Each structure stands twice: as C-alpha cells, then as structure tokens.
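If you want the building blocks of each chain, they are given just below.
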Amino acid sequence: MIEGQSILGVILARGGSKGLPRKNVCELAGKPLIGWTIEAGQKSEHLDRLILSSDDEEIMNVSAEYGCDVPFQRPSELAEDDTSSMAALLHAIDQVEPYEYVVLLQPTSPLRRANDIDATIKRCHENNAPVCVTVTKTDKPPQWMYTFGSDGRLEPVLDEPKTVKRRQEAPDTYVVNGAVYVARSGWLRRHETFYTDQTIGYPMPRERSADVDTALDLKWCEILLEK
C-alpha cells in the first residue's frame, strides 16, 4: 500500500515456454527461477498481495512452496503461444478483490530487487502517472543500428543526417527491461497496454536487468549472482 492506495502484485508464468523449456522452474543458483521473483515481491514494502497466474501444476506447486498466493489455475486458452500477457493479466485481476494499483512481475527477471519494485511504484504514484515501467540504458546508440534491406544492404534504423562517431556524443537512450510494470487498475482495464504517451519510466542498472529466455541467459544470471 502507498498512501492508502492498495497494490496487487501479479506473476504470470505459463508452462509452455519454448526458448528454454520449463524455464520458470529451472534452477538458478540453488532455487527455481520463479523463486527469485516471489522472494523479491514478498520483500516489497508496498505490495499488499502477491498472486500467481499459471496453467501449470508444477509451477503452481513450486510457487506455493515459496509462499506465493495461488488463488486459481489459469484457463488453458489463456496459456497458448499467441496469448498476450495483457489478456492473462486482466484475467488475473478479475479473479481477486479490487486494488487501486496492479504490478506485473515477470519471473524472467530474477535479478530485480524489492527496492526496484517499490521505487517503480513510488515513482508512478508521486508523479500522479497512470503507468510506470522499468527501463535500462542501452549500451549502443540507435545511430549505430541497422536493419538488412531486401538486397542485403545495411539500412540505418534512424533517418538522421548527423553521424555519431563517439558514444559519448549520443543522447542516452533506454529500453524496457521487463522487470516491473506498474499501472492504476482502472486505467489498465481501459487501455489494455502499459505503453502510451502517458507512460513514465524508472531506470534500473544493467546488472539487475537481465531477462531470461535461453540457457545462455540463465548462465549469465548465475555469473552475475556469483559476483
């Protein structure tokens, strides 16, 4: 809760991951991947309740063992490869009592900490913004980025006449890191997205912004945790 405003945390974790099979229960430094997110959510000072939305019984059992609230099993039609996270999230918040804020925590961001969650909530609330998402600074400026044209030639992502020769000359740019999404519940129901011209950001350091989608990502997180 923040200044009398109730806050629901939601973890979305379906069973059918493709890039890294069973990734949500893969071991990372002695605990299942999802366990890191549950523990961060439990340490948050602002979350009033933390729930899991999953179609998978193993994920549900593991999450319950770590103390996460598992009030329902997600319908299989909301756990397909083409099911949007937003559809699953809106279903989840419909299954419990109303909260003023909803916070989405993806289990693929195991290095995010409780203070990252709380700082994102605080930034959203104090700025009177309807939505706030975590971001991290990019390591390369977009002026250095290209796509391949149909004939194999490189085409710049940005159509800018100015060439940036040194990274220090380019303005800072950020990418959404997927760690924390905060929104006012009523606003989210109306817009069904976290991304509008009203969205504000909370910057997180790169070392806590890893996103696990492959076995290599998991190994990288192990290295970061060891250090």
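Scoring rules and cut-offs
Residues numbered from 1 in each chain as written. Predicted model: local features only at pLDDT ≥ 70, side-chain atom pairs only at ≥ 80, totals over all residues. Heavy atoms only, no water. Salt bridge = Lys/Arg side-chain N within 4 Å of Asp/Glu carboxyl O. Helix = DSSP H or I, 4+ residues; strand = E, 2+ residues; numbered from the N terminus. Buried < 20%, exposed > 50% of the residue type's maximum accessible area, 1.4 Å probe, protein only. Pairing = 2+ DSSP bridges. Axes fitted to C-alpha atoms, helices over the stretch in contact; angles between N-to-C directions. Contact = heavy atoms within 4.5 Å. Phe/Tyr/Trp six-rings, centres within 6.5 Å; stacked < 30°, edge-to-face > 60°. Lys NZ or Arg CZ within 6 Å of the ring centre and 35° of its normal.

The name given to the protein chain in an unreviewed UniProt entry is N-acylneuraminate cytidylyltransferase, and the organism recorded there is Salinibacter ruber.

## Quick look at the pattern of salt bridges
Side chains bearing opposite charge may pair, as long as their charged atoms lie close to each other. Tallied over the entire structure, the rule returns 14 salt bridges. Close ionic contact of Lys122 with Glu126 constitutes a salt bridge, the shortest N to O distance being 4.0 Å. Here Glu126 and Lys122 lie together in helix H4 (residues 114-126), a separation of 4 residues that amounts to about one turn. Accessibility expressed as a relative area gives 42% for Lys122, which makes it partly exposed. Glu126 gets classed as exposed once you look at its relative accessible area, which sits at 57%. Close ionic contact of Arg153 with Asp151 constitutes a salt bridge, the shortest N to O distance being 2.6 Å. Classification of Arg153 by relative accessible area gives exposed; the value is 60%.

## Quick notes on the sheet that holds strand E5 (residues 101-105)
Taking strand neighbours across the sheet as the criterion, the 6 strands line up as E4-E1-E5-E9-E6-E10 in an open arrangement whose pairing is mixed. Unpaired on one side and paired on the other, strand E4 (49-53) and strand E10 (200-203) mark the two borders of the sheet. Direction aside, the axes of adjacent strands within the sheet are offset by 30° on average. Across the sheet, helix H3 (residues 85-94) touches strand E1 (7-12), E4 and E5, and the angle it forms with E1 is around 135°.

## What to know about the environment of Leu90
For Leu90, the position within the fold is in helix H3. Each C-alpha atom, one on Leu90 and one on Val103, is 12 Å from the other, the two residues being 13 residues apart in sequence. When sequence neighbours within four positions are dropped, the list of residues in contact with Leu90 reads Leu188, Arg189 and Glu192.

## Quick notes on the packing of aromatic side chains
Across all of its chains, the model carries 1 aromatic pair by this definition. With a centroid separation of 5.0 Å and 45° between ring planes, the pair formed by Tyr181 and Phe194 is classed as tilted. Within this pair, whereas Tyr181 is found in strand E9 (residues 174-184), its partner Phe194 is found in the loop between helix H5 (185-191) and E10, the two being separated by 13 residues in sequence. As far as the burial class goes, Tyr181 and Phe194 line up, both buried. A cation sits over an aromatic face here: Lys31 above Trp36, 4.1 Å from the ring centre.

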